[in-house]
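# Examination of the molecular architecture
So the chains spell out like this:
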Amino acid sequence: NPNIVSWRHVAIKCMLNSLPLFLVSTGLRIAVNFDRVVQHIEAPSAEMANALALTFLAMYAAMGVVLYFIHQKHVGVFRERYELAKAREAALVDHTRCMMAPRNNRPLDV
């Protein structure tokens, strides 16, 4: 069903585009949690908490960027393969239509 296929493609595109954003937002949440811990407990210093927060934020942001580039590479490969398949399909569809067309203005003998 073309409707199901199109909705499935939209869902996958939305999911793949949202994963980098999810990673970055999780990194930001971890950074905020490190700042909250510094306010309540005396064990880590503010500089140490900020260093840890920035480290985790950088790691999550880097993972998000890597995931985005992997997704873009996947889209490029998919488009290339899809165009190749469409080019091969056109010859087969034309041949099938020629075989299905009535010959000598006679209707098909079915």
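A brief report on the enclosed structure follows. (Residues numbered from 1 in each chain as written. Predicted model: local features only at pLDDT ≥ 70, side-chain atom pairs only at ≥ 80, totals over all residues. Heavy atoms only, no water.)

Now for the overall build of the protein chain. Helix and strand content of the protein chain: two helices and zero strands. Sorting the 110 residues of the protein chain into buried and exposed places 10% on the buried side. Across the protein chain, every contact between residues at least 6 apart in sequence was considered, and the portion connecting residues at least 24 apart equals 58%. A total accessible area of about 9500 Å² is found for the protein chain, and carbon and sulfur atoms account for 66% of it. (Helix = DSSP H or I, 4+ residues; strand = E, 2+ residues; numbered from the N terminus. Buried < 20%, exposed > 50% of the residue type's maximum accessible area, 1.4 Å probe, protein only. Contact = heavy atoms within 4.5 Å. Areas by Shrake-Rupley, 256 points an atom, 1.4 Å probe, with all protein chains shown as cover.)

Applying the stated rule across the entire model yields one salt bridge. Across the pair K86 and E89 runs a salt bridge, and its minimum N-O distance is 3.3 Å. Taken together, the positions of K86 and E89, both in helix α2 (residues 46–100) and three residues apart, correspond to about one turn of that helix. Its relative accessible area of 39% is what places K86 among the partly exposed residues. Of the residues examined, E89 reaches a relative accessible area of 37% and is grouped as partly exposed. (Salt bridge = Lys/Arg side-chain N within 4 Å of Asp/Glu carboxyl O.)

Turning next to a nonpolar patch on the surface. Taken together, V65, Y68 and F69 make up a surface patch of nonpolar side chains, about 310 Å² in accessible area. You can see F69 is positioned in helix α2. For F69, a relative accessible area of 54% corresponds to the exposed category. (Patch = residues over 30% accessible without salt bridge, like charges linked within 9 Å, V, L, I, M, F, W, Y side chains within 5 Å.)

Here T26 shows up in helix α1 (residues 2–40). Judged by relative accessible area, T26 falls into the buried class, the value being 18%. A polar atom in the side chain of T26 sits 2.8 Å from the backbone oxygen of F22. (Polar contact = N/O pair within 3.5 Å; in protein donor to acceptor, adjacent residues only side chain to side chain.)

Right, let's get into the packing of aromatic side chains. For the coordinates displayed, the defined rule picks out one aromatic pair. Both rings, one in F78 and one in Y82, keep their centres 5.9 Å apart while their planes meet at 20 degrees; by these two values the pair is stacked. In this pair, F78 and Y82 both sit in helix α2, four residues apart, roughly one turn of the helix. Of the residues examined, Y82 reaches a relative accessible area of 42% and is grouped as partly exposed. (Phe/Tyr/Trp six-rings, centres within 6.5 Å; stacked < 30°, edge-to-face > 60°.)

Attention shifts here to α2. The end-to-end C-alpha distance of α2, which contains 55 residues, comes to 77 Å, matching closely the 81 Å that a straight helix rising 1.5 Å per residue would cover. Every buried residue of α2 is accounted for by A49, A53, Y60, G64, H71 and V75. (Expected span 1.5 Å × (residues − 1).)

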